Amino acid sequence: MASVDVEDFIEQNRQLADQVETFRSISESEKHWKSRREFIFRNINDYEDPHLDHLLALSMVWANNVFLGCRYSPDLLDKVRGMAEGIVVEDAPVFKTRDEIMQQQRK
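Residues numbered from 1 in each chain as written. Predicted model: local features only at pLDDT ≥ 70, side-chain atom pairs only at ≥ 80, totals over all residues. Heavy atoms only, no water.

The next thing to look at is the packing of aromatic side chains. Two numbers describe a pair of aromatic rings. These are the distance of the centres and the angle of the planes. Taken as a whole, this structure holds one aromatic pair when the rule is applied. Taking 5.4 Å as the distance between ring centres and 20° as the angle between the ring planes, the aromatic pair formed by Phe 39 and Trp 62 counts as stacked. A residue pair is termed long-range when its members are at least 10 positions apart, and Phe 39 in helix H3 (residues 30-43) and Trp 62 in helix H4 (residues 52-68) qualify at 23 residues. Each member of the pair, Phe 39 as well as Trp 62, carries the same accessibility label: buried. (Phe/Tyr/Trp six-rings, centres within 6.5 Å; stacked < 30°, edge-to-face > 60°. Helix = DSSP H or I, 4+ residues; strand = E, 2+ residues; numbered from the N terminus. Buried < 20%, exposed > 50% of the residue type's maximum accessible area, 1.4 Å probe, protein only.)

Look at the link from Asp 49 to Pro 50: it is a cis peptide, with omega at 5°. When you line up the elements, Pro 50 lands in the loop between H3 and H4.

Turning our eyes to something else, we now look at the pattern of salt bridges. Tallied over the entire structure, the rule returns four salt bridges. A salt bridge links Glu 21 to Arg 37, with the nearest nitrogen and oxygen atoms 3.3 Å apart. Here Arg 37 lies in helix H3 and Glu 21 lies in helix H2 (residues 14-21), a separation of 16 residues in the sequence. Overall, Arg 37 belongs to the buried group, its relative accessible area being 7%. (Salt bridge = Lys/Arg side-chain N within 4 Å of Asp/Glu carboxyl O.)

Residues Val 20, Phe 23, Phe 39, Ile 40, Leu 55, Trp 62 and Val 80 are the most contacted members of the largest nonpolar core, which totals 24 residues. When contributions to this core are tallied by element, the ones reaching two or more residues are H2, H3, H4 and helix H5 (74-83). No other element matches the nine residues that H4 contributes to this core. Not counting the four nearest positions on each side in its chain, Leu 55 is found in contact with Phe 39, Ile 40, Asn 43, Ile 44, Tyr 47 and Met 83. (Core = buried A, V, L, I, M, F, W, Y, C linked by side-chain atoms within 4.5 Å. Contact = heavy atoms within 4.5 Å.)

Packing of H2 against H3 leaves a shortest axis separation of 11 Å and a crossing angle of 125°. Accordingly, the angle class assigned to the pair H2 and H3 is oblique. Here H2 runs over H3; the crossing is right-handed. Seen from H2, the contacting residues are Leu 16, Ala 17, Val 20 and Glu 21; seen from H3, they are Trp 33, Arg 37, Ile 40 and Phe 41. For the contact of H2 with H3, the residue count by class is six nonpolar, no polar and two charged. (Axes fitted to C-alpha atoms, helices over the stretch in contact; angles between N-to-C directions. Parallel < 35°, antiparallel > 145°, perpendicular 65-115°, else oblique. Left-handed = near helix turned anticlockwise from the far one by under 90°. Nonpolar A, V, L, I, M, F, W, Y, C, P; charged D, E, K, R; others polar.)

Below you can see the structure in the form of structure tokens.
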């Protein structure tokens, strides 16, 4: 879903969009929320009640990995990356591990 597609989806599914808006954290920036909201919209049909909390947790895992550099198990990251396939995050930060930095210093 491109940004325009998301906006069209919201207009066509106002009740669902209003429900999804309630999932926004007070500390989320607009940039983080727009990306996480798209993640939720893309996957919500696979996680309807009572599994909606699972989707919200996965959306936070994905957002925390992309925006904050949090690390999780490879299986979990593979799952959320697959769920987020096609979501374009502009100006996403790039994180390096300590080992990557040390290896770069040795060169």
